[in-house]
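Each chain is listed here by its residues.
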Amino acid sequence: MHYRMVVNKLSLSSTFAALADPTRRAMVMKLTRGPASIHDLTEPFSLSQQMISKHVACLVRARLVIKQRRGRESICTLRPTTIKAVADWALDFRRLWEESFDKLDSVLQEMKHEETKHGKASDK
Amino acid sequence: MAKQATSEAGVQTFSRIFDAPRALVWKAWTTPEYVMKWWGPKGFTSPVCRIDLRVGGRFTYSMRTPDGQVFYNGGEFRTIVPLEKIVWLWYFADADGNRVSPAHHGFPDEVREGNLDEILFEDYGDGQTKLTFTRNDPTATPEEQKGAAAGFGEILDKLAEVVAELIRSA
C-alpha cells in the first residue's frame, strides 16, 4: 500500500534498474558525500573512464544524477527528488508493515488472554 | 520482538517473531474481525475487511487515514497452505473489492500494484511464530532482482538519512 506515495510522480522502474548494479550503487553512495567529477568517481573503481561514463549516463537517464559541465570537467550531483522518491517507496512499505505488525502483536496478546480466560488451551 | 527487513529492487521482505503459537497467528491473519484490528499504520483504522479464504477467493482490506480518507485494497488468493503459507495477488480496489487502477484513489499510474505477495508462518518453538512477508514486484526483471540481491536495503537506509540534507542544500 502506498498511502504517502501521492508525492511520487516518478516511474521508479528505471531507477531500480539503475540501482541494481553494485558499481552504480557505490557511485551513488560516493555522491551522497557531495558532488564529484567523473575523475573522482573513476578513482575507487578498477574501471576505465569510458565504463564509468557509461554508468554515469545510466544514472543520469534514471534521473538519479545530474551531470554538469564545469570547465574541462563534468561534475556529478545527486538529484534529491528521485533519491527521496526511492527512499519514500521503501520507507512507506517498511512503516506500513512495521506498524501493522506492532498492532498484530497486541491483537495476538489479547487473543491469548481471551483463550486463557475461556479456559482453552492455546493450540500450537 | 526480533525484527528484520530487507529490500532489493523489486523484492522486499519483512519478518518478525511473535510471542504466540502458529494457530493463533494464522487465525489473526485470516479472520476479518482480527485483521480489522491490526491492518494499517499507526493511527489508521480498518473499517471494512472481507476474506474468502480459498484459492481463487478474494479479499478486501481497507484503511482509514487519521483525516478520514478511506483506501481499499483487494486481492485474490493464489496459494493457501493452512498454517504455513498464503500467496495472493494484491491490487487497489473500490469499496466492493473490485480491482481499480491506482488513479482511482488519486495515485499516479506509476504506483505499482499487481504484486504477488507472500506470507510465511513458521513455528519458532516455545509458542513463538515467525512471520515473513515478501513482496515481489512483477515489473522487476530477474536480472534486476538478482543484481540487487546485496546491498539495496543498506543503500536505502543510508539514502534516507541524507535525503533531508540534500533537499536543504538543493
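Everything numeric here is computed off the predicted structure, so don't read it as measured data.

Turning to the overall build of chain B, a few remarks are in order. Within chain B one finds four helices and eight strands. Relative to its full complement of 170 residues, chain B shows a buried share of 32%. Nonlocal contacts in chain B, meaning residues at least 24 apart in sequence, comprise 39% of its contacts between residues at least 6 apart.

A separate point is helix 2 (residues 22-31) of chain A. The set of residues buried in helix 2 of chain A consists of Arg24, Arg25, Met27, Val28 and Leu31 of chain A. Buried residues of helix 2 of chain A fall within an arc of 160° about the axis and therefore sit on the same side.

Turning our attention to unusual backbone geometry. Residue and element names in this part refer to chain B. Positive phi is not limited to glycine here, since Leu83 has a value of about 70°. Mapped onto the fold, Leu83 is located in the loop between strand 5 (70-81) and strand 6 (85-93). Accessibility expressed as a C-beta count within 10 Å gives 14 for Leu83, which makes it partly exposed. With phi around 55°, Asp126 is a residue other than glycine that occupies positive phi space.

Our focus in this paragraph is the confidence of the model for chain A. In low-pLDDT regions, the fine details of the predicted coordinates are not to be read closely. Summing up the model confidence of chain A, the mean pLDDT is 79 and the portion of residues at 70 or higher is 79%. Within the model, pLDDT remains below 50 along residues 1-10 of chain A, and this stretch shows 27 contacts once partners closer than five positions in the same chain are excluded.

Of all hydrophobic cores here, the largest spans 21 residues; its most connected members are Val28, Leu31, Leu59, Leu64 and Val65 of chain A. Looking at this core, the elements that each hand over two or more residues are helix 1 (13-19), helix 2, helix 4 (49-61), strand 3 (73-78) and helix 5 (80-117) of chain A. Broken down by element, this core gets its largest block of residues, four residues, from helix 1 of chain A. When near neighbours in sequence (up to four residues on either side) are disregarded, Leu64 of chain A contacts Thr15, Ala18, Val28, Leu59, Leu78, Arg79, Thr82 and Ile83 of chain A. Membership of the second largest hydrophobic core comes to twelve residues, among which are Phe18, Ala20, Leu24 and Trp29 of chain B.

The next point concerns helix 4 of chain A. The periodicity of an α-helix, 3.6 residues per turn, causes residues three or four places apart in sequence to face the same way. The end-to-end C-alpha distance of helix 4 of chain A is 18 Å, a good match for the 18 Å that 13 residues give at a rise of 1.5 Å each. Backbone geometry just downstream of helix 4 of chain A places Arg63 of chain A in the positive-phi region, at approximately 65°.

Residue and element names in this part refer to chain A. As paired elements, strand 1 (residues 36-37) and strand 3 share two bridges and run antiparallel to each other. Within the sheet, the bridge partner assigned to Ala36 lies in strand 3 and is Cys76. The sheet contact formed by strand 2 (residues 65-70) and strand 3 spans six bridges and is antiparallel. Directly across from Ile66, in strand 3, lies its bridge partner Thr77. Hairpin connection, strand 2 to strand 3: the antiparallel pair is bridged by two residues, and Gly71 has positive phi, about 65°.

Residue and element names in this part refer to chain A. The three strands are arranged 1-3-2 in an open sheet whose pairing can be described as antiparallel. Here the strands that pair on one side only, and so sit at the sheet edges, are strand 1 and strand 2. Contacts from helix 2 reach strand 1, strand 2 and strand 3, with the element oriented near 85° to strand 3. Packed on one face of the sheet, helix 4 meets strand 2 and strand 3 and runs near 120° to strand 2.

Quick look at the pairing of strand 5 of chain B now. All names here are of chain B. Across seven bridges, the pairing between strand 4 (residues 58-64) and strand 5 is antiparallel. Paired with Thr60 across the bridge in strand 5 is Gly74. Counting the residues in the hairpin turn of strand 4 and strand 5 gives five residues, including Gly68, whose phi is positive at 95°. Hairpin connection from strand 5 to strand 6: three residues lie between these consecutive antiparallel strands, with Leu83 at a positive phi of about 70°.

Here is what the cut-offs are and how they apply
Residues numbered from 1 in each chain as written. Chains lettered and ligands numbered in written order. Predicted model: local features only at pLDDT ≥ 70, side-chain atom pairs only at ≥ 80, totals over all residues. Helix = DSSP H or I, 4+ residues; strand = E, 2+ residues; numbered from the N terminus. Buried ≥ 20, exposed ≤ 12 C-beta atoms within 10 Å, placed from the backbone. Contact = placed C-beta atoms within 7 Å. Arc of directions from axis to C-beta. pLDDT = per-residue confidence, 0-100. Core = buried A, V, L, I, M, F, W, Y, C linked by C-beta atoms within 7 Å. Expected span 1.5 Å × (residues − 1). Pairing = 2+ DSSP bridges. Axes fitted to C-alpha atoms, helices over the stretch in contact; angles between N-to-C directions.

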